[in-house]
Amino acid sequence: MDAQQSRLVTGAADGGLRLYSIAENLEEAKNDDGQVEALKSMGSIKRETTEKVQMIRFSSQHSSLLACMSASKKLEIYRLLSEEERQKKAKRRMKRKREKSKKRKTMEDNEDEDEVDDAETESNSPEIIANDEIRPLTTISLKSKLKYFSFAPEVCKHTLLSCHARECSKIH
């Protein structure tokens, strides 16, 4: 769970990461049947490795990093995008989707104006998905398997995180 307690990331059996948004108010999270849906799936994120996830950790409150440790010798680090970057990416994704659908329709010579108007309405308030929230930053390959890792406290300006394997090392 992130520091704002608005997002939850879990490891999946297929090796990917699943992103969920957490409802702020449980009354607003009720669906038509009256059931409370506290978690809403935002999609999945493909990882570089397909191995099982062992540990996921968010960085400290003011930073925007997420790290994922697998059973191998790799540590994947992701960057959480700001609200402005998320909106921009979602709008660009919707624009591309709209352009592709227009191109297909012109190729078929069966344009339907109602469907085009619906696509334009969606672009005004695009739904943010997992790939709009998190971007891969880097993958760190280590000499031996990891036991655990931790992000350095904010007071350590030159150290990002500490990985603990057979030999302890710091990544600067």
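Up top is the structure these notes are about.
Structure report, in brief. (Residues numbered from 1 in each chain as written. Predicted model: local features only at pLDDT ≥ 70, side-chain atom pairs only at ≥ 80, totals over all residues. Heavy atoms only, no water.)

Time to look at the sheet that holds strand 5 (residues 65-70). Taking strand neighbours across the sheet as the criterion, the four strands line up as 4-5-6-7 in an open arrangement whose pairing is antiparallel. With one partner strand each, in any of the chains shown, strand 4 (53-58) and strand 7 (134-141) form the two edges of the open sheet. Averaged over all pairs of adjacent strands, the angle between their axes in this sheet comes to 20 degrees, without regard to strand direction. The pairing of strand 6 (residues 74-80) with strand 7 spans seven bridges and is classified as antiparallel. Bridge assignment links Leu 80 to a residue of strand 7, and that residue is Ile 134. (Pairing = 2+ DSSP bridges. Helix = DSSP H or I, 4+ residues; strand = E, 2+ residues; numbered from the N terminus. Axes fitted to C-alpha atoms, helices over the stretch in contact; angles between N-to-C directions.)

Going through the model one piece at a time under the given rule, you end up with seven salt bridges. Note that Asp 14 and Arg 18 form a salt bridge whose closest N and O atoms lie 3.3 Å from each other. When its relative accessible area of 49% is taken as the criterion, Asp 14 is described as partly exposed. Across the salt bridge formed by Arg 79 and Glu 85, the nearest N and O atoms sit 3.3 Å from each other. Under the relative-accessibility criterion, Arg 79 is labelled partly exposed at 29%. (Salt bridge = Lys/Arg side-chain N within 4 Å of Asp/Glu carboxyl O. Buried < 20%, exposed > 50% of the residue type's maximum accessible area, 1.4 Å probe, protein only.)

This part takes up the pairing of strand 1 (residues 7-11). With five bridges connecting them, strand 1 and strand 2 (residues 17-22) associate as antiparallel partners. Of the residues in strand 2, the one forming a bridge with Arg 7 is Ser 21. Connecting strand 1 to the next strand, strand 2, in antiparallel fashion are five residues, including Gly 15 with a positive phi near 95 degrees.

This part is about the side chain of Ser 59. With respect to the helices and strands, Ser 59 occurs in the loop between strand 4 and strand 5. Not counting chain neighbours up to four residues away, the residues in contact with Ser 59 comprise Ser 64, Leu 65 and Phe 151. (Contact = heavy atoms within 4.5 Å.)

As a further point, take the environment of Ser 70. Tracing the sequence through the fold places Ser 70 in strand 5. As for Ser 70 and Glu 51, which are separated by 19 residues in sequence, their C-alpha atoms are 6.1 Å apart. Those residues in contact with Ser 70 that lie beyond four places of it in its chain are Arg 47, Thr 49, Glu 51, Lys 52, Val 53 and Gln 54. In this structure the side chain of Ser 70 is engaged in a polar contact, spanning 3.0 Å, whose partner is the side chain of Ser 72. (Polar contact = N/O pair within 3.5 Å; in protein donor to acceptor, adjacent residues only side chain to side chain.)

Now for the nonpolar core. Proteins that are soluble and globular tend to have nonpolar side chains buried together. Counting 15 residues, the largest nonpolar core has Val 9, Leu 17, Leu 19, Ile 45, Leu 66, Tyr 78 and Ile 134 as its most contacted members. Listed by contribution, the elements that provide at least two residues to this core are strand 2, strand 3 (39-45), strand 4, strand 5 and strand 6. For Leu 17, the residues in contact, after removing those within four places along its chain, are Val 9, Thr 10, Gly 11, Gly 43, Ser 44, Ile 45, Arg 47, Val 53, Ile 56, Leu 66, Cys 68 and Tyr 78. The next biggest cluster of nonpolar side chains, apart from the first, holds 11 residues, and it includes Leu 75, Leu 142, Phe 149 and Phe 151. (Core = buried A, V, L, I, M, F, W, Y, C linked by side-chain atoms within 4.5 Å.)

Time to look at the packing of aromatic side chains. Taken as a whole and assessed by the stated rule, the structure comprises zero aromatic pairs. The side chain of Arg 57 reaches across the aromatic face of Phe 149, ending 5.8 Å from its centre. (Phe/Tyr/Trp six-rings, centres within 6.5 Å; stacked < 30°, edge-to-face > 60°. Lys NZ or Arg CZ within 6 Å of the ring centre and 35° of its normal.)

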